[in-house]
Amino acid sequence: MLTPAEADAAIAAHLAQVPDELLSLPACAGRVLRQEILAERDAPPFDRVAMDGIAFSSAEFRAGRREFRVAGLQAAGQAPIALQSPTDCIEVMTGTSLPTGCDIIVPVERIRVAAGKATVEDANLVEPWLHVHRRASDARAGDRLLSAGMRLGGPELAIAASAGLAELRVARLPRIAVISTGDELVEPGLPVLDYQVRRSNSYGLAASLRLAGFAPATDLHLPDQRPVLAERLALELSRHDVLVLSGGVSAGRLDYVPAVLAELGVRRVFHQVSQRPGRPLWFGVNNRGVTVFALPGNPVSVLVCLARYVIPALLAASGARAAIRPMVALGQAFEFRAPLTCFLPVSLEYDPGGRTLAVPRPTGGSGDFISLAGTDGFVELPQGPANHPAGVAIPFYRW
């Protein structure tokens, strides 16, 4: 069996990059950027007023003047007014360009205005370029603002807009099929017999994928019937970039998924990882670059394998930069006796010093997904058997 780190490497070695597409700026939220973005102009493009107040020449103030005639008002979006006399000031609004001949802003809270004159009340606040956001202090025209591989959130899209771009080249979303298998599964809302269970894995998988920015294109339920599996999986392999299956990958007589995938030309890269839960994880790829993650059917295993392997792989296939894995401190000592890596569900708390603590929330087994309610994710404990002490630093994965 592979270790989780070896499974990561094997997946990375067989991922096909999804192609690019050009999208309008509003449609790019959450996507992975596939181009460089350069500054259209200096940023700011002018000496920018950073506070509502008055603008004047600091040299006149240093010469002893405290009272200035208000000679005009300049609002954002207006061409800069020229200061006609060093004894004058210009009333200015935040965001406007600095009036010509001025080199200082005194906020409205620090002045007194009467009879058309402004008096500066706090001499200690006055110095050249106070409250002025200097031209090109953030970036110069042509500077690289964003690089390929960045995931586009609010700050990044605002930066792209500031560069004058109405469209961006981004990674196309992978076409994903979520497929649950099993004769025992019954759709929510339909009558269920005592010996049947609700089809829940697909809903958890789809929700987690959507929250990660990868909404599935297909949600399918297949029975444990080899001919049906072969026919439908062949079709889904022809229509999607990624298949995420749950169930049918263990060692039972009716676990047909690995054999059917092999018949359909999907080459097994690995089957089984030295971990709990999710040991029977299967991963393969066909000659078109379609990747298949066949997850164990138990729901805790499904959600753990999705967060630990599938979502990071989707990001990597999109060209995203590798994320830095958050580290947390184990909130309580935890003993794990199996010679496997342990994925332990946790809730996050904070100690008085602000350190993030992962408080163990162990389940009653990989089928006990009810216990996951209210948890934040899971931590990865090194291969046991071991007694992991409270306070040890460990990687954290959010659901």
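For every chain, the first residue of the written sequence is number 1, and numbering continues from 1 along that sequence. Where local features are concerned, this predicted model is filtered to residues with pLDDT of at least 70; where side-chain atom pairs are given and counted, the filter is 80 or more; whole-chain, interface and lining totals use all residues. Hydrogens are left out, water is left out, and the side-chain values use all remaining heavy atoms of the structure.

### Topic: the packing of aromatic side chains
Here a pair means two rings of Phe, Tyr or Trp (six-membered ring of Trp) with centres within 6.5 Å. Their orientation is stacked below 30 degrees between planes, edge-to-face above 60, and tilted elsewhere. This model, assessed by the stated rule, comprises 7 aromatic pairs. When the ring of Phe378 is compared with that of Tyr397, the centres are 5.2 Å apart and the planes differ by 10 degrees; the resulting orientation is stacked. Of the two residues, Phe378 sits in strand S26 (residues 377-381) while Tyr397 sits in strand S28 (residues 393-398), which places them 19 residues apart along the sequence. Each residue gets one of three labels from its accessible area relative to the maximum for its type: buried under 20%, exposed over 50%, partly exposed in between, using a 1.4 Å probe on protein chains only. Under the relative-accessibility criterion, Phe378 is labelled buried at 0%. Within the aromatic cluster, the residues linked to one another by ring pairs are Phe343, Phe378, Tyr397 and Trp399. Lying over the aromatic face of Phe61, Arg66 brings its terminal NZ or CZ to 3.7 Å of the ring centre. Per the convention used, a helix needs a DSSP run of H or I reaching at least four residues, while a strand needs a run of E reaching at least two, with both numbered from the N terminus. Consider the ring centre and the ring normal. A charge sits over the ring if Lys NZ or Arg CZ is within 6 Å of that centre and within 35 degrees of that normal.

### What to know about the pattern of salt bridges
Counted as salt bridges are all cases of a side-chain nitrogen of Lys or Arg within 4 Å of a carboxyl oxygen of Asp or Glu. Tallying each qualifying case throughout the model produces 20 salt bridges. As a salt-bridge pair, Arg144 and Glu36 come within 2.7 Å of each other at their nearest N and O atoms. Of this pair, Arg144 sits in strand S11 (residues 144-146) while Glu36 sits in the loop between strand S1 (20-24) and strand S2 (37-38); the two residues are 108 residues apart in sequence, bridging distant segments of the chain. Here Glu36 falls in the partly exposed class, since its relative accessible area comes to 43%. Ionic pairing is found between Glu236 and Arg232, a salt bridge with its closest N-O pair at 3.3 Å. Taken as a pair, Glu236 and Arg232 lie in helix H5 (residues 226-239) at a separation of 4 residues, close to a single helical turn. Classification of Arg232 as partly exposed rests on a relative accessible area of 27%.

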